[in-house]
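Here is what each chain is made of, one letter per residue.
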Amino acid sequence: MPSILVFTPTYQKEDGSDAIHPLCVDSIITQQVDDSFDWHIGRHNPHTGLSHANVLAQYQYARRLFLAGTWDALITIEHDNILTDDGI
């Protein structure tokens, strides 16, 4: 059975909570798929503020994480996107 790494990059708001949209969270955790998947919320933002450089840093981190693991596929889902009910 293939395994999938689902990666959602986000940042933390001033109050310390994740900026990920609640509907995004719900759409990921309620997926019913035949394959196994691990969901990782990326919080790697080494640059100050809402810098576009953090976007690149997040995807570079996701790539390193994927290549260091044993997953068969990597899917990225932005923190303000919502998956359909069709499955990953």
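Please refer to the structure placed before this passage.
The following refers to the structure shown. (Residues numbered from 1 in each chain as written. Predicted model: local features only at pLDDT ≥ 70, side-chain atom pairs only at ≥ 80, totals over all residues. Heavy atoms only, no water.)

For strand β1 (residues 3-9) and strand β2 (residues 36-42), the ladder comprises 7 bridges, and the chain directions are parallel. When the bridges of β2 are listed, V6 appears paired with W39. (Pairing = 2+ DSSP bridges. Helix = DSSP H or I, 4+ residues; strand = E, 2+ residues; numbered from the N terminus.)

Further remarks concern the sheet that holds β2. Pairing is parallel across the open sheet formed by 3 strands, whose spatial order is β2-β1-β3. Edge positions in the sheet fall to β2 and β3 (73-76), since each of these pairs with one other strand and no more. Each adjacent strand pair in this sheet contributes to an overall mean axis angle of 25°, direction not counted. Sitting on the sheet, helix α2 (residues 52-68) is in contact with β1, β2 and β3, with an inclination near 160° to β1. (Axes fitted to C-alpha atoms, helices over the stretch in contact; angles between N-to-C directions. Contact = heavy atoms within 4.5 Å.)

With that settled, the discussion passes to the pattern of salt bridges. Pairing between side chains of opposite charge can happen when their charged atoms approach one another. Going through the model one piece at a time under the given rule, you end up with 1 salt bridge. As a salt-bridge pair, R43 and D18 come within 2.6 Å of each other at their nearest N and O atoms. Taken together, the positions of R43 in the loop between β2 and α2 and D18 in the loop between β1 and α1 (22-29) put the pair 25 residues apart, joining distant regions of the chain. For R43, a relative accessible area of 44% corresponds to the partly exposed category. (Salt bridge = Lys/Arg side-chain N within 4 Å of Asp/Glu carboxyl O. Buried < 20%, exposed > 50% of the residue type's maximum accessible area, 1.4 Å probe, protein only.)

For the rest of this paragraph, the subject is α1. Regarding α1, the residues found buried are C24, S27 and I28. Down the axis of α1, the buried side of the element spans an arc of 95°, and every buried residue falls inside it. Exposed residues lying more than 90 degrees from the buried face of α1 are P22 and I29. Tucked inside the fold, the buried residues of α1 contact β1 and β2. (Arc of directions from axis to C-beta.)

Moving on to the side chain of T10. Residue placement: T10 occurs in the loop between β1 and α1. Within the structure, T10 has its side chain in polar contact with the side chain of H79 (distance 2.7 Å). Contact partners of T10, with chain neighbours within four places excluded, come to D18, A19, I20, I41, G42, R43, N45, Q58 and H79. (Polar contact = N/O pair within 3.5 Å; in protein donor to acceptor, adjacent residues only side chain to side chain.)

Mapping N54 onto the fold places it in helix α2. A relative accessible area of 5% means that N54 is categorised as buried. Those residues in contact with N54 that lie beyond four places of it in its chain are H44, N45, P46, H47 and G49.

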